[in-house]
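# Geometric and topological summary
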Amino acid sequence: TRVDRIRLADRVPFPKVILGWITPSLLQPGDAELDILSLVLSQGKASRLYRSLVYKQNVAQNVSAYQQSAMAGSMFVVSAMASGKHTAEAVEKALWAELERIAKRGVTAKELRRAKTVQETQSLRSLQTLSARADLLQAYHLYAGDPGYLAKDLARYRRVTRRSVQRAAQRLAAEVGHRPHRRALDVPPRAAQPVGVEHGAADVGRRVARALAAGHR
């Protein structure tokens, strides 16, 4: 399967791999499933990527997955920073293996239940302040045309099933049309410019977003 690949040397202490896909827009079918999939992949030490890449294989020191939802088009991103002397190639291979495992076998009932609980808890905690509630009402009015959309928003996550999460993973693993709908970024350390992990990660994050979006417009 073809992958549009970019090599982006930057001020990072260890090699990093970032995989990105253009995905369904905010509130559209498939958006909620990808939020849930991202939690299964990287939320906490019991997550798929942490257990496999960090704990068992020890090829990565940190992992991340998220659905960056937006009205004009969303982006699903999975990343990992290599551990010790492991290469970006080893990290990428391990990332694909976990994604393909979910595409083939799906997620467990326990994983789905846990991810839904985390998602709903995060949504409700975001309403703790008056300003946050005002912001959410405004966002729902803008994006859904309904300031009272909260109940419907929570309901779309509750409707997510093991099968629908598996289908979302299958779409990530598949090629669409004549061009790849996903990009892989290999971010090796830039020679002779050592910096701290936090500074390097912040700098790379801005460049990664631009690189992933380029060519998909």
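Keep in mind that this is a model prediction, so the values were computed, not measured. (Residues numbered from 1 in each chain as written. Predicted model: local features only at pLDDT ≥ 70, side-chain atom pairs only at ≥ 80, totals over all residues. Heavy atoms only, no water.)

So, on to the confidence of the model for the chain. Residues of the chain with pLDDT of at least 70 account for 78%, and the chain-wide mean is 84. Across the chain, helix 1 (residues 31–42) holds the top mean pLDDT of 98, while helix 8 (residues 197–213) sits lowest at 51. With pLDDT under 50 throughout, residues 176–180 is counted as low confidence; its partners more than four residues away or in other chains account for ten contacts. Counting contacts from residues 192–202, a segment whose pLDDT is below 50, to residues more than four positions away or on other chains yields eight contacts. (pLDDT = per-residue confidence, 0-100. Helix = DSSP H or I, 4+ residues; strand = E, 2+ residues; numbered from the N terminus. Contact = heavy atoms within 4.5 Å.)

A turn of α-helix holds 3.6 residues, and therefore any two residues three or four places apart point the same way. Helix length check: helix 1 (twelve residues) gives 17 Å between terminal C-alpha atoms against 16 Å at 1.5 Å per residue, within 8%. With twelve of twelve residues buried, helix 1 is to be regarded as a mostly interior element. Phi turns positive one or two residues past the end of helix 1, at G44, with a value near 85°. (Expected span 1.5 Å × (residues − 1). Buried < 20%, exposed > 50% of the residue type's maximum accessible area, 1.4 Å probe, protein only.)

A complete count under the given rule lists three aromatic pairs for this structure. For the pair Y140 and Y149, a centre-to-centre distance of 5.6 Å together with 55° between the ring planes defines the contact as tilted. For Y140, a relative accessible area of 7% translates into the label buried. What makes Y149 buried here is its relative accessible area of 15%. Aromatic ring contacts, followed pair by pair, group W21, F76 and W96 into a single cluster. (Phe/Tyr/Trp six-rings, centres within 6.5 Å; stacked < 30°, edge-to-face > 60°.)

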